[in-house]
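# Topology and contacts: notes
The primary structure of each chain is shown beneath.
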Amino acid sequence: MQSDFSQIGPFLIAALVVFAVYRRLRRSFGRQLLRPGRITVRIVLLTVAGCTLLPMALRSTQFLTAELAGAALGVGLGLWGAERTRFLMYGERLHYVPHTYTGIAVSLLFLGRLVFRIVQMYSGARTSHIANAAMANTADPAHGFAPAGMVQSPLTAGIFFVLMGYYLCYYGLVLWKSKHLKAADIEVDSAAAAQ
């Protein structure tokens, strides 16, 4: 019996995305060390990912509307979250404390839609695999799981743009606020002060 390894790639990609979202959720709790270089890299990566998906807006007005609405909602949530972000000194280094609920809500929204699309596409790939195998015995279920297939829906594109708009706005404002902080804006962590 020969093993079918064509399903490994899609599952590795899905596992990587789930790991990235897990790390993002973990960073939504408690103080985070302010690392401007890392935040800038995240902004650049999100901008590149968003730019690669912008041509979808040319497909139809549904995609354009979904992308614009998603980005606007994301920016609004980013403004809300950044307004509620606190800065504190801990161990002589500047940290920020993100607004937990906003970051978690955006991440879970994206993760929920992603899981739904993966299950939907995997089910469709398995169904087409069985049908095609009966006819031609040459079906490859990985074709149904192509990365382009992940954003076939305007809703999925819109939710991705919520995520992108949120983090671009939020990270940009965190960087900007960190450069314009006054001494009164920075809290001193009581645990660090006691040492």
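Before reading on, note that the structure itself is shown above.
Small disclaimer: the values here were computed from a predicted structure and weren't measured. (Residues numbered from 1 in each chain as written. Predicted model: local features only at pLDDT ≥ 70, side-chain atom pairs only at ≥ 80, totals over all residues. Heavy atoms only, no water.)

The next point concerns the overall build of the protein. Scanning the protein for helices and strands turns up six helices and four strands. The helix and strand sequence of the protein, counted from the amino end, reads α-β-α-α-β-β-α-α-β-α. Put simply, the protein has 195 residues, and 37% of those count as buried. Of the contacts formed within the protein by residues at least 6 apart in sequence, a portion of 82% connects residues at least 24 apart. Total accessible area on the protein is roughly 11600 Å²; 67% of this is exposed by carbon and sulfur atoms. (Helix = DSSP H or I, 4+ residues; strand = E, 2+ residues; numbered from the N terminus. Buried < 20%, exposed > 50% of the residue type's maximum accessible area, 1.4 Å probe, protein only. Contact = heavy atoms within 4.5 Å. Areas by Shrake-Rupley, 256 points an atom, 1.4 Å probe, with all protein chains shown as cover.)

This paragraph deals with the environment of Met56. Looking at the secondary structure, you find Met56 in the loop between α2 (36-53) and α3 (61-83). Met56 gets classed as buried once you look at its relative accessible area, which sits at 6%. Once the C-alpha coordinates of Met56 and Pro154 are considered, the two residues, 98 residues apart in sequence, prove to be 8.9 Å apart.

Now for unusual backbone geometry. The phi dihedral of Glu92 falls on the positive side, at around 65 degrees, and the residue is not glycine. Its location among the elements puts Glu92 in the loop between β2 (86-90) and β3 (93-97). Among the residues examined, Glu92 registers a relative accessible area of 75% and is labelled exposed.

Looking now at the packing of aromatic side chains. Tallied over the full model, the rule gives five aromatic pairs. An aromatic cluster of three or more residues is present, and its members are Tyr166, Tyr167, Tyr170 and Tyr171. One cation-aromatic arrangement involves Arg31 over Tyr90; the distance from NZ or CZ to the ring centre is 3.5 Å. Over the aromatic face of Trp80 sits the side chain of Arg84, whose NZ or CZ is 3.3 Å from the ring centroid. (Phe/Tyr/Trp six-rings, centres within 6.5 Å; stacked < 30°, edge-to-face > 60°. Lys NZ or Arg CZ within 6 Å of the ring centre and 35° of its normal.)

Within β3, four of the five residues are buried, which leaves the element mostly enclosed by the surrounding structure. Of the strand pairs in this sheet, strand β1 (residues 32-33) and β3 are connected by two bridges, and their pairing is antiparallel. Looking at β3, one finds that Leu33 is bridged to His95. Of the pairings in the sheet, the one linking β2 to β3 comprises five bridges and is antiparallel in character. Within β3, the residue paired with Leu88 across the bridge is His95. In this structure, the hairpin formed by β2 and β3 is closed by a connection of two residues, where Gly91 is found at a positive phi of approximately 60 degrees. (Pairing = 2+ DSSP bridges.)

Here α2 crosses helix α5 (residues 154-179) at 150 degrees, and the two axes come no closer than 10 Å. Put simply, α2 runs roughly antiparallel to α5. The chirality of how α2 crosses α5 is left-handed. Seen from α2, the contacting residues are Pro36, Ile39, Thr40, Arg42, Ile43, Leu46, Thr47, Ala49, Gly50 and Leu53; seen from α5, they are Phe160, Phe161, Met164, Tyr167, Leu168, Tyr171, Gly172, Val174 and Leu175. Classifying every residue of the contact of α2 with α5 by side-chain character gives 14 nonpolar, four polar and one charged. (Axes fitted to C-alpha atoms, helices over the stretch in contact; angles between N-to-C directions. Parallel < 35°, antiparallel > 145°, perpendicular 65-115°, else oblique. Left-handed = near helix turned anticlockwise from the far one by under 90°. Nonpolar A, V, L, I, M, F, W, Y, C, P; charged D, E, K, R; others polar.)

Next up on the list: the pairing of β2. The two faces of the sheet receive side chains in turn, since in a regular strand these alternate between them. Bridging between β2 and strand β4 (residues 186-188) involves three bridges; their strand directions are parallel. In the sheet register, Met89 faces β4, and the bridge partner there is Val188.

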